[in-house]
Amino acid sequence: MSGGSYYVPESSKWPALGSLAVGTMMVGLGALLVHGRGALVMTLGLVAVLSVMYLWFRDVVHESRRGLYDAQMDRSFRWGMGWFIFSEVMFFAAFFGSLFYVRTFAVPWLDGEGAKGVAALLWPDFTASWPLLNPPSADISGPHEAVSPWQLPLVNTLFLVSSSITLTISHEALKEGYRLTARNWLIGTLVLGISFLVVQGFEYYEAYAHYGLTLQAGIYGSTFFLLTGFHGLHVTIGAITLAVMLGRIIKGHFTRDDHFAFEAAAWYWHFVDVVWIGLFLFVYVF
Amino acid sequence: MASNLPPKPTLEHSTTTSGGLAHEHHERPRGMLRWLLTTNHKEIGTLYLIFSLTMFFIGGIFALVVRAELFQPGLQLVQPEFFNQMTTMHGLIMVFGAVMPAFVGLANWMVPLQVGAPDMALPRLNNFSFWLLPVAFTLLLSTLLMPGGGPNFGWTFYAPLSTTYAPPSTTFFILSLHMAGISSILGAINIIATILNLRAPGMRLMDMPLFVWTWLITAFLLIAVMPILAGVITMMLMDINFGTSFFNAAGGGDPVLFQHLFWFFGHPEVYIMILPAFGIVSAIIPTFARKPLFGYASMVYATASIAILSFLVWAHHMFVVGLPLVAELFFMFTTMLIAVPTGVKVFNWIATLFQGSITFETAMLFALAFVVLFSIGGFSGLMLAIAPADFQYHDTYFVVAHFHYVLVPGAIFAIMAGVYYWLPKWTGHYPDERLGRWHFWMSVIGVNLTFFPMHFSGLAGMPRRIPDYALQFADFNMVSSVGALMFGVSQLLFVWGVIKCVRGGEKAPAKAWEGAEDLEWSVPSPAPLHTFDTPPDFKPVTH
């Protein structure tokens, strides 16, 4: 419901420059993938995207601190962030859906299950299993072994789950006005998040160097890296966001009642955490 | 009948209404920069509409290349490779470049006006959503000039045709689609935030005009399924460039997985392109029948039901791919269920007309044609929903006839109806009725000439996406091609009519149409750059 003081910015360079930057990055990425050159254009585009994001968000932060935003604007940001996270949920839903489809239908059907049973004619010697270590075609060499959930992934689960708890403590501290406590618990959250990424990187190294588990190792490797890779990317984005929030706390931004940027970053972090639980269960354990 | 239109409402009202007061704020950028840097929902709406019209003509030219080749059997004008690129690009451009941006443009213009908001909830994000589109579609169109040509696998880009056997430019196609998808998601987030948060005080959800309601639900669908599209094209990208096996059975994947993912996006996408059309028609018919919309609440619930059902029907596009029997039955029945809420809508429109005091302005003509011709598309959809029958129709011109009936005299007629309906609000002038009627009748005849014979050629077995065909289909195809040319040329009348209306014409008052009751008609025509800086007094009308 409108209150009458809704802030409408006059005009801004960042949207148009942002789309140009995204376009540059995409053209560079495409050229790199298709023609093997374009890394420079892509990097330029990426730097431009990040710069525009920085400048755009800086404008928003300034406007917020000048008191231009009312409670209604705050609700717009909340709806916006909430629906953005919903879109991210659906993005991962596509990947989880693919994993379930492959495990429930595609792989067993290649072994002759199902009403039709014709897919088994393609590779008669194929036996279905999950994790799939023996892809149907001999041209594709599968991994020697699957990743055990009870080693590095378990450690990572502990890291992420506890990082959600430390982040909540930080948020509660901010709401009560204990800024130093909020800062320290946020630093702890970041340390846990970065530790997660380091362990994940080490797991990737193990997978490639010792397990023969690669992107090219058939559907198990494909789904494994798709899900963990995009999750890791989201952890990285979430960690950068939290680092920005840390910087803003140190600079003295946020009040006890007005700190939606922090809350939005926290929502995002919890979302990334929940996705990891799903990953841990369905990519590693079951 | 045309000369019997009632006198237009008198001009006096236009200055006495609320919400006006176009006080200029600071100095605004001029020329091109004004459009590049704008955060104004009306300017961004205009940009969307101009972009969409441009894409409509580009996609239309591609369609005419297809129809010209199909004018006679045999290969005359283009090579099969290029023909495939034309069918593919026609579909992609029309779906992602013409229809979707047109509805977003209308939403940009009208949703803030209809809910009494000062602008969209997140104005800068709004501009970002728009400017991603020209970048994305320039990249998409440039693939036609790349080595190996552009996308040639149909707008549904089924794997492995779009992975293993695709031209090298496919990676660029994927990246451009990613940009269009980001644009859609951000645009939808903005529209939802506007509708949920910026309504005038006192306007409850069930007081909102139906165009706002249908867009609220459409935006939800967009946010739910555009990420699925992003996911599936990402998996394609990895199959092509990084050797993954998602859609490759040799590695344990499955090409059918692609179809499941694509249509889980694709079917809600179909409703994304039709629900806002329902909203437009639900605004126009009551206005020119001079009666409140019949069954407002049931319209809302029907729209929501269609949206929910759209997530449960995707595999009806895949009946012949080798689904288990239980899946065929499930998707057949859920699909047929959609006829119920759709029927509710059609009956409500007809009941609104019943005993109305009807006049036939151009907007109304297009809206009425929508009801009739969209229903034809709906019925052929019902035929296609019957799984055993679909084994005969699948991938024939019957399918082409079906989805063109719901998209051209469906979605596009509704967009045109909306344009004729709201032009007085945008420009301050009434559109030329005579020109509008010419445009309407030429379009109606052209559309039916083009697509009605396709039902017959399809039932007789003519496959789609083929540049050459057996002799017995020659007559039907010739009629279709003549109709397509007629439809294409008559769209120039539309452009002429719009330009004429922008440049001048009979002045329109604030409430341009006698029977129009929604909030947008309370601000002056043309609507000043800033409206509802302070929220209007909203008095709920009883539906």
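Since the structure is predicted, the reported quantities are computational estimates derived from the model, not experimental observations. (Residues numbered from 1 in each chain as written. Chains lettered and ligands numbered in written order. Predicted model: local features only at pLDDT ≥ 70, side-chain atom pairs only at ≥ 80, totals over all residues. Heavy atoms only, no water.)

To continue, consider the overall build of chain B. Helix and strand counts for chain B come out as 16 helices and zero strands. Taken against the 2.2 N^0.38 rule, which gives 24 Å for 543 residues, the C-alpha radius of gyration of chain B at 23 Å falls within 12% of a compact globule. For chain B, the C-alpha atoms occupy an extent of roughly 70 × 50 × 45 Å along the three principal directions. Burial statistics for chain B: of 543 residues in total, 65% are counted as buried. (Helix = DSSP H or I, 4+ residues; strand = E, 2+ residues; numbered from the N terminus. Rg over C-alpha atoms; globule rule 2.2 N^0.38 Å. Buried < 20%, exposed > 50% of the residue type's maximum accessible area, 1.4 Å probe, protein only.)

Along chain A, the regular secondary structure elements total seven helices and zero strands. When its helices and strands are written in sequence order, chain A yields α-α-α-α-α-α-α. Put simply, chain A has 286 residues, and 47% of those count as buried. Sequence separation of at least 24 residues holds for 70% of the intrachain contacts in chain A that already meet a minimum separation of 6. Carbon together with sulfur atoms contributes 68% to the accessible area of chain A, which is approximately 13400 Å² in total. (Contact = heavy atoms within 4.5 Å. Areas by Shrake-Rupley, 256 points an atom, 1.4 Å probe, with all protein chains shown as cover.)

Attention now goes to empty space enclosed by the protein. All names here are of chain B. Applying the stated rule across the entire model yields two cavities of 30 Å³ or more. Computed from the structure, the largest cavity encloses a volume of approximately 150 Å³. The wall of the largest cavity is formed by 15 residues, among which Met100, Pro101, Val104, Ser183 and Ser184 lie closest to the centre. Only helix H3 (80-115), helix H5 (170-197) and helix H6 (210-241) provide two or more residues apiece to the lining of the largest cavity. For the lining of the largest cavity, the class distribution of residues is 12 nonpolar, three polar and no charged. (1 Å grid on protein atoms, 1.4 Å probe; cavity = no way out; pocket = protein on both sides within 12 Å on 5 of 7 lines; lining within 4 Å. Points joined across faces, edges and corners; volume = space filled by probe spheres on them. Nonpolar A, V, L, I, M, F, W, Y, C, P; charged D, E, K, R; others polar.)

Once that is clear, we can look at the UniProt feature "domain: Cytochrome oxidase subunit I profile" (unreviewed entry) in chain B. Look at the UniProt record and you will see "domain: Cytochrome oxidase subunit I profile" (unreviewed entry) annotated at residues 29-539 of chain B. Helix and strand shares over residues 29-539 of chain B are 68% and 0% respectively, and the end C-alpha atoms of the span are 37 Å apart. (UniProt positions renumbered as here; feature names shortened; annotations may be inferred.)

So, on to the interface of chain A and chain B. Every contact between the two is made by 67 residues of chain A and, on the other side, 75 residues of chain B. Both sides together, the interface formed by chain A and chain B hides about 5800 Å², and carbon and sulfur atoms give 73% of it. Joining chain A to chain B, the criterion identifies one salt bridge. Measuring nitrogen to oxygen at the nearest pair gives 2.8 Å for the salt bridge that ties Arg124 of chain B to Glu63 of chain A. Where chain A packs against chain B, one counts 14 residue pairs in polar contact (both at pLDDT 80 or more). Sorting the residues of the side of chain A that touches chain B by element identifies helix H1 (14-35), helix H2 (39-65), helix H3 (71-110) and helix H6 (219-250) of chain A as the ones contributing at least two each. Of the residues forming the side of chain A that touches chain B, the biggest block, 22 residues, is contributed by H3 of chain A. The residue inventory of the side of chain A that touches chain B, partitioned by class, reads 41 nonpolar, 20 polar and six charged. (Buried area = accessible area lost by both parts, 1.4 Å probe. Salt bridge = Lys/Arg side-chain N within 4 Å of Asp/Glu carboxyl O. Polar contact = N/O pair within 3.5 Å; in protein donor to acceptor, adjacent residues only side chain to side chain.)

In this section: the packing of aromatic side chains. Counted according to the given criterion, the structure contains 78 aromatic pairs over all chains. Considering the side-chain rings of Tyr204 of chain A and Phe224 of chain A, the 6.4 Å spacing of their centres and the 50° angle between planes classify their relative orientation as tilted. Of this pair, Tyr204 of chain A sits in helix H5 (residues 179-211) while Phe224 of chain A sits in helix H6, placing them 20 residues apart in sequence. Classification of Phe224 of chain A by relative accessible area gives buried; the value is 1%. Ring centres of Phe130 of chain B and Trp131 of chain B lie 4.9 Å apart, and the angle between their planes is 75°; on these two criteria the pair is classed as edge-to-face. Comparing Phe130 of chain B with Trp131 of chain B, the two get one shared label, buried. Counting every residue linked through ring pairs, the aromatic cluster contains Phe96, Phe153, Trp155, Phe157, Tyr158, Phe173, Phe246, Phe247, Phe258, Phe262, Trp263 and Phe265 of chain B. (Phe/Tyr/Trp six-rings, centres within 6.5 Å; stacked < 30°, edge-to-face > 60°.)

Attention now goes to the domain arrangement of chain A. Here chain A is described as being made up of domain 1 (10-68) and domain 2 (71-285). The centre of domain 1 of chain A, based on its C-alpha atoms, is set 25 Å off from the matching centre of domain 2 of chain A. (Domains from an automatic or database assignment.)

As a further point, take the nonpolar core. Residues and elements named next belong to chain B. Judged by nonpolar contacts, the single largest core of 265 residues is most densely connected at Phe96, Phe137, Phe157, Phe247, Trp349, Phe370 and Tyr421. The dominant element in this core, judged by the number of residues it contributes, is H6, at 23 residues. When residues no more than four places from it in sequence are discounted, the contact partners of Phe247 are Ala159, Thr163, Val232, Met235, Met236, Asp239, Asp254, Pro255, Leu257, Phe258 and Leu261. (Core = buried A, V, L, I, M, F, W, Y, C linked by side-chain atoms within 4.5 Å.)

This part takes up a nonpolar patch on the surface. Residue and element names in this part refer to chain A. A grouping of Phe100, Val161, Ile165, Ile169, Trp185, Ile277, Leu281, Phe282 and Phe286 is seen on the molecular surface, where their side chains present a nonpolar patch of about 750 Å² in accessible area. Put simply, the parts of the chain that give the nonpolar patch at least two residues each are helix H4 (152-176) and helix H7 (260-285). Of note, Ile165 is situated in helix H4. (Patch = residues over 30% accessible without salt bridge, like charges linked within 9 Å, V, L, I, M, F, W, Y side chains within 5 Å.)

Overall, the coordinates contain 10 salt bridges over all chains when judged by the stated rule. Measuring nitrogen to oxygen at the nearest pair gives 2.8 Å for the salt bridge that ties Asp74 of chain A to Arg78 of chain A. Of this pair, Asp74 of chain A and Arg78 of chain A both sit in helix H3, four residues apart, which is roughly one turn of that helix. For the salt bridge of Asp432 of chain B with Lys500 of chain B, the shortest nitrogen-to-oxygen distance reads 2.6 Å. Placement of Asp432 of chain B in the loop between helix H14 (397-427) and helix H15 (433-459) and of Lys500 of chain B in helix H16 (residues 474-503) is noted, with a sequence separation of 68 residues between them. For Asp432 of chain B, a relative accessible area of 26% translates into the label partly exposed. It is possible to trace a salt-bridge network through shared partners that takes in Asp74, Arg78 and Glu263 of chain A.

On to the packing of H5 of chain A against H6 of chain A. Residues and elements named next belong to chain A. Between H5 and H6, whose axes approach to 10 Å, the crossing angle comes to 155°. Judged on the interaxial angle alone, H6 and H5 are roughly antiparallel. Seen from above, H5 lies across H6 with left-handed handedness. Partitioned by chemical class, the residues of the contact of H5 with H6 number 18 nonpolar, eight polar and four charged. (Axes fitted to C-alpha atoms, helices over the stretch in contact; angles between N-to-C directions. Parallel < 35°, antiparallel > 145°, perpendicular 65-115°, else oblique. Left-handed = near helix turned anticlockwise from the far one by under 90°.)

Another point: H6 of chain B. Residue and element names in this part refer to chain B. Compared with an ideal rise of 1.5 Å per residue, which puts 32 residues at 46 Å, H6 spans 45 Å between its outermost C-alpha atoms and is within 8% of the ideal. Along H6, the largest kink reaches about 25° and is centred on Ile223; proline Pro227 follows within four residues of it. Burial within H6 is extensive, with 29 of its 32 residues counted as buried. Where H6 ends, the next residue or the one after it, Gly243, has phi of about 75°, a positive value. (Expected span 1.5 Å × (residues − 1). Bend = angle between axes of the 7 residues up to and from the residue.)

Turning next to the UniProt feature "transmembrane region" (unreviewed entry) in chain A. Residues and elements named next belong to chain A. Annotation from UniProt places "transmembrane region" (unreviewed entry) at residues 14-34, 39-57, 77-102, 185-205, 225-246 and 267-285. This span, residues 39-57, is 100% helix and 0% strand, and a straight line between its end C-alpha atoms measures 27 Å. Strand forms 0% of residues 77-102 and helix 100%; the C-alpha atoms that close the span are 38 Å apart.

Attention shifts here to the environment of Asp537 of chain B. Residue and element names in this part refer to chain B. Among the structural elements, Asp537 can be located in the segment after H16. Overall, the relative accessible area of 70% leaves Asp537 in the exposed class. Sequence separation between Asp537 and Pro255 is 282 residues, and the spatial gap between their C-alpha atoms is 56 Å.

This part covers the environment of Ala16 of chain A. Mapped onto the secondary structure, Ala16 of chain A falls in helix H1. What Ala16 of chain A contacts, discounting residues up to four positions off in sequence, is Leu36 and Trp131 of chain B.

Let's shift gears to the environment of Pro167 of chain B. All names here are of chain B. Tracing the chain through its elements places Pro167 in the loop between helix H4 (123-142) and H5. When the C-alpha atoms of Pro167 and Gly148 are compared, they prove to be 5.4 Å apart, with 19 residues separating the residues in sequence. Aside from chain neighbours lying at most four places away, what touches Pro167 is Gly148, Gly149, Gly150, Asn152 and Phe153.

In this section: the packing of helix H2 (residues 41-69) of chain B against H4 of chain B. Residues and elements named next belong to chain B. Look at H2 against H4: their axes get within 10 Å of each other, and the N-to-C directions meet at 15°. Relative to H4, H2 is oriented roughly parallel. The way H2 lies across H4 gives a crossing that is left-handed. From H2, His41, Ile44, Leu47, Tyr48, Phe51, Met55, Ile58 and Phe62 reach across to H4, where they touch Pro123, Asn126, Asn127, Ser129, Phe130, Trp131, Leu133, Pro134, Phe137 and Leu141.

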